[in-house]
Amino acid sequence: MSKASKLTLLGTSLFALGTVVFVHYQQKAEQQAMHQGVIRDMEQQRLKRERQADFDMQRALETEYKKHQSVRDTTAEMDPALSKRGGLNVPVAR
């Protein structure tokens, strides 16, 4: 074999080996990135469940408090003239 053919064979072999190594590391990096995405999604789902549980607890407490407290609507006591003009809604002194 001539020197040029040996160099060509060496160059193509190194290129092929480099390509295989690069693809291998690229696949590993993509696999790790996808795994991190799964972990992030699981954490988001956990937070969502916690927030929903807190919301449900607050709603139950609100219902319980409304059973024991009298709640009245104070919007009927507002001055209608002020609300039409866009002023402050302050209860009317009687």
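Refer to the structure printed above.
Here the structure is a predicted model, which is why all the values come from computation and not from measurement.

Parameters and conventions
Residues numbered from 1 in each chain as written. Predicted model: local features only at pLDDT ≥ 70, side-chain atom pairs only at ≥ 80, totals over all residues. Heavy atoms only, no water. Helix = DSSP H or I, 4+ residues; strand = E, 2+ residues; numbered from the N terminus. Buried < 20%, exposed > 50% of the residue type's maximum accessible area, 1.4 Å probe, protein only. Areas by Shrake-Rupley, 256 points an atom, 1.4 Å probe, with all protein chains shown as cover. Patch = residues over 30% accessible without salt bridge, like charges linked within 9 Å, V, L, I, M, F, W, Y side chains within 5 Å. Salt bridge = Lys/Arg side-chain N within 4 Å of Asp/Glu carboxyl O.

Asks: Please provide a residue-by-residue account of the overall build of the chain, values included.
Replies: Check the secondary structure of the chain and you find 2 helices and 0 strands. Split into buried and exposed, the 94 residues of the chain put 1% on the buried side. Per element, the accessible surface of the chain, about 9000 Å² overall, is 60% carbon and sulfur.

Asks: Give a detailed account of a nonpolar patch on the surface, specifying residues and quantitative values.
Replies: On the surface, Leu7, Leu10, Leu14, Leu17, Val21 and Tyr25 cluster together into a nonpolar patch covering about 630 Å² of accessible area. Within the fold, Val21 resides in helix 1 (residues 3-68).

Asks: Can you tell me about the pattern of salt bridges, naming the residues and giving the values?
Replies: In total, this model carries 4 salt bridges according to the counting rule given. In this structure, Glu64 engages Lys67 in a salt bridge whose closest nitrogen and oxygen atoms are separated by 4.0 Å. Separated by 3 residues within a single helix, Glu64 and Lys67 lie in helix 1, roughly one turn from each other. In this structure Glu64 comes out as partly exposed when scored by relative accessible area, which is 36%. For Lys67, a relative accessible area of 61% gives the class exposed. Look at the salt bridges and you will find they share partners, linking Glu43, Arg46 and Glu50 into a network.

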